[in-house]
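Breakdown of the fold
One letter stands for each residue in the lines below.
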Amino acid sequence: MTKPGNKMWGGRFAAGPDAVMEAINASIDFDRKLYTQDIAGSKAHARMLARQGIISASDAEAIVHGLDTIASEIESGRFAFSAALEDIHMNVEARLAELIGPAAGRLHTARSRNDQVAVDFRLWVKQTAIRFDALLLALIAAFLDKAEAHAGTVMPGFTHLQTAQPVTFGHHCLAYVEMFARDRGRLADAVRRMDECPLGAAALAGTGFAIDRHFTARELGFREPTRNSLDSVSDRDFAMEFLSAAAICATHLSRLAEEIVVWSTPQFGFIRLSDRFSTGSSIMPQKRNPDAAELVRAKTGRVNGALITLLTVMKGLPLSYSKDMQEDKEAVFDAAENVELAILAMTGMVADMEVRADAMAAAAGAGYSTATDLADWLVRETGMAFRQAHHVTGRAVALAEQKGCGLAELTLAELQAIDPAIDGRALAVLSVEQSVASRTSFGGTAPDNVRAQIAWWRARRDEPTGSGGV
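Residues numbered from 1 in each chain as written. Predicted model: local features only at pLDDT ≥ 70, side-chain atom pairs only at ≥ 80, totals over all residues. Heavy atoms only, no water.

With respect to the overall build of the protein
- Within the protein, the secondary structure is distributed over 18 helices and six strands.
- For 470 residues, the compact-globule estimate of 2.2 N^0.38 gives 23 Å, and the C-alpha radius of gyration of the protein, at 31 Å, exceeds that figure by more than 25%.
- Seen through its C-alpha atoms, the protein measures out along the principal axes to roughly 100 × 50 × 40 Å.
- Of all 470 residues assigned to the protein, the portion counted as buried reaches 49%.
- When contacts within the protein are restricted to residue pairs at least 6 apart in sequence, long-range pairs at least 24 apart make up 73% of them.
- Accessible surface for the protein amounts to roughly 21900 Å². Of this, 54% is attributable to carbon and sulfur atoms.
- Within the protein, one finds 49 positive and 58 negative side-chain charges whose respective centroids are separated by 2 Å. (Helix = DSSP H or I, 4+ residues; strand = E, 2+ residues; numbered from the N terminus. Rg over C-alpha atoms; globule rule 2.2 N^0.38 Å. Buried < 20%, exposed > 50% of the residue type's maximum accessible area, 1.4 Å probe, protein only. Contact = heavy atoms within 4.5 Å. Areas by Shrake-Rupley, 256 points an atom, 1.4 Å probe, with all protein chains shown as cover. Lys, Arg positive; Asp, Glu negative; His and termini not counted. Charge placed at Lys NZ, Arg CZ, Asp CG, Glu CD.)

Structure follows, in structure tokens:
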């Protein structure tokens, strides 16, 4: 038994699609997320058509009113989506015909589903990137608050996850401020490039109707219309660039999550997560699991996978539009949802975490973390070559390790037995507090540096990303 032809195709097909074809072809289960953008694009298009005298003002008014009704139905949950109508565009158009009759058929004048989906998707990605910017700004603000409270709190700095040199926790927090500020910059750069409107490119060649693409671009909040109709409908760079920025951001979030997991263990004990971001064990009553951080760490794989998915979809497509491009949205929607959740979770964890300064300070002094300070002192005060100073200090570390004590616990006599150039002034540089205080080079960990950097970032919170602000 054949099905009646799909009325959206006009007279070309006598029979409807097979059930399998209908299932593989439909995208309404995910592209319904674009309803706000689809309705906005259609309203702008209708107003432009009337303004140019292509349709009547009364038809445009009826179309806009009908689209507003549809938006209300979708938002209230009363709209009946149909897989047989394939996508959000046809679902909206079919319902518009039910509401206003023949005038609905004039809406599609001088456009195609190709430029329609291009503008819907681009607008959604642009709005999402702008929303992410605000979310990242809130995460940065949480880090600045923590950095300010702990500008002088000493902790071990690590390389290879081995104790390296003392730093301050405030300095460590500012490292993440830098990372997430770069994420904001990448999103801002992407928004600047995607801020062009493809509506009016039609199927691929433009249209013979006297449309005004600059008007629709302004109506939809774009800087200007795109300049090549072929590229307009085949371009998904904006989505790939968004996913690239999202994947880098997710990687930063994952690195932070890893540190939170490590820091919250009893073996480190540097922080304690609040109950709001911890879970217990079904069998071990003592457990406090950092599940929120672990899930943030895991979600990075999904975001990276989304980027690879879209790159792979697009890599072999000839110009202009191919149905493969229907596979562009699910990956972007999933990545955006998970990155947003991860940023929100991290903002909460950073704001709530209890910093255990005593545990940090104790760990900062372990592992001979001030050895470099002794070597630097020898170079600075005695004129010794650094390689020789490195050797002398290594012998001091070996002695302390043999005695089971810290460098600061070695006596002056013991140090002078290693090298007589060492005098009493060297003992002062072996404390972790003096070590961090001495790191006054620009970008260094000295508490005064940290406070100056906090003030610098706070003064630039409201500057546009990419112009030196956060």
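A closer look at helix α3 (residues 35-51)
- With 17 residues, α3 extends 24 Å between its outermost C-alpha atoms, agreeing within 8% with the 24 Å of an ideal straight helix rising 1.5 Å per residue.
- Counting buried positions along α3 yields twelve of 17 residues, so the element is predominantly enclosed.
- Y35, Q37, D38, I39, G41, S42, K43, A44, H45, A46, M48 and L49 are the residues of α3 that are buried.
- Those residues of α3 hidden inside the fold are in contact with α2 (28-31), α4 (57-76), α5 (88-100), α6 (113-149) and α8 (213-219). (Expected span 1.5 Å × (residues − 1).)

Focus on the packing of aromatic side chains
- Under the defined criterion, the tally for this structure stands at twelve aromatic pairs.
- Taking 5.8 Å as the distance between ring centres and 65° as the angle between the ring planes, the aromatic pair formed by F169 and W263 counts as edge-to-face. Of this pair, F169 sits in helix α7 (residues 169-194) while W263 sits in helix α10 (residues 237-263), placing them 94 residues apart in sequence. Of the two residues examined, F169 and W263, each falls in the buried class.
- One aromatic cluster is present, built from ring pairs that chain together F121, W124, F238 and F333.
- Taking NZ or CZ as reference, K33 lies 5.5 Å from the ring centre of F333, over its face.
- The residue whose ring lies beneath K126 is F222, and the NZ or CZ to ring-centre distance is 4.9 Å. (Phe/Tyr/Trp six-rings, centres within 6.5 Å; stacked < 30°, edge-to-face > 60°. Lys NZ or Arg CZ within 6 Å of the ring centre and 35° of its normal.)

Some thoughts on the pairing of strand β2 (residues 162-168)
- Relative to β2, strand β1 (residues 154-159) is paired through five bridges, and the arrangement is antiparallel. The residue bridging P156 from the neighbouring strand is P166, located in β2.
- Taken together, β1 and the strand that follows it, β2, pair antiparallel across an intervening segment of two residues, in which H160 is found at a positive phi of about 60°. (Pairing = 2+ DSSP bridges.)

A look at the environment of H171
- With respect to the helices and strands, H171 occurs in helix α7.
- For H171, a relative accessible area of 22% corresponds to the partly exposed category.
- Counting along the chain gives 77 residues from H171 to I248, while the straight-line C-alpha distance between them is 22 Å.
- Once residues lying within four places of it in the same chain are set aside, the contact partners of H171 are G443, G444, T445 and V450.

Observations regarding the confidence of the model for the protein
- Mean pLDDT over the protein: 91, with 93% of residues reaching 70 or higher.
- Every residue in residues 1-5 is under pLDDT 50, and counting partners more than four places away or in other chains gives 14 contacts.
- Residue range residues 466-470 is modelled with pLDDT below 50. Its contacts to residues more than four positions away, or to other chains, number 16 contacts. (pLDDT = per-residue confidence, 0-100.)

Examining α10
- With 27 residues, α10 extends 39 Å between its outermost C-alpha atoms, agreeing within 8% with the 39 Å of an ideal straight helix rising 1.5 Å per residue.
- Across the 27 residues that make up α10, a large majority, 19, are buried.

Here we look at the environment of E433
- In this fold, E433 is placed in helix α17 (residues 432-438).
- In sequence terms E433 and D423 are ten residues apart; their C-alpha atoms lie 20 Å from each other.

Quick notes on the environment of E340
- Inspection of the secondary structure assignment puts E340 in helix α12 (residues 329-352).
- Between the C-alpha atom of E340 and that of T128, which follows or precedes it by 212 residues, the distance is 9.4 Å.
- Ignoring sequence-local partners within four residues, the contact set of E340 consists of R131, F132 and L135.
- A polar contact of 3.0 Å, which involves the side chain of E340, links it to the side chain of R131. (Polar contact = N/O pair within 3.5 Å; in protein donor to acceptor, adjacent residues only side chain to side chain.)

As for the pattern of salt bridges
- According to the stated counting rule, one finds 35 salt bridges in the structure shown.
- A salt bridge links E381 to R380; the nearest nitrogen and oxygen atoms lie 3.7 Å apart.
- On the accessibility criterion, E381 (36% relative accessible area) is partly exposed.
- Residue classification places R380 among the exposed residues on the basis of a relative accessible area of 54%.
- For R425, the salt bridge goes to D423, with nearest N and O atoms at 2.9 Å.
- Look at D423 and you get partly exposed, because its relative accessible area is 23%.
- Salt bridges linked by common partners bring K126, D195, E196, R223, E224 and R227 together as one network. (Salt bridge = Lys/Arg side-chain N within 4 Å of Asp/Glu carboxyl O.)

Notes on unusual backbone geometry
- Residue S320 is bonded to the preceding L319 through a cis peptide linkage, with omega at 5°.
- Structurally, the position occupied by S320 is in the loop between α11 (291-314) and α12.
- If you check the backbone angles, E86 has positive phi at about 75° while not being a glycine.
- Relative to the helices and strands, E86 is located in the loop between α4 and α5.

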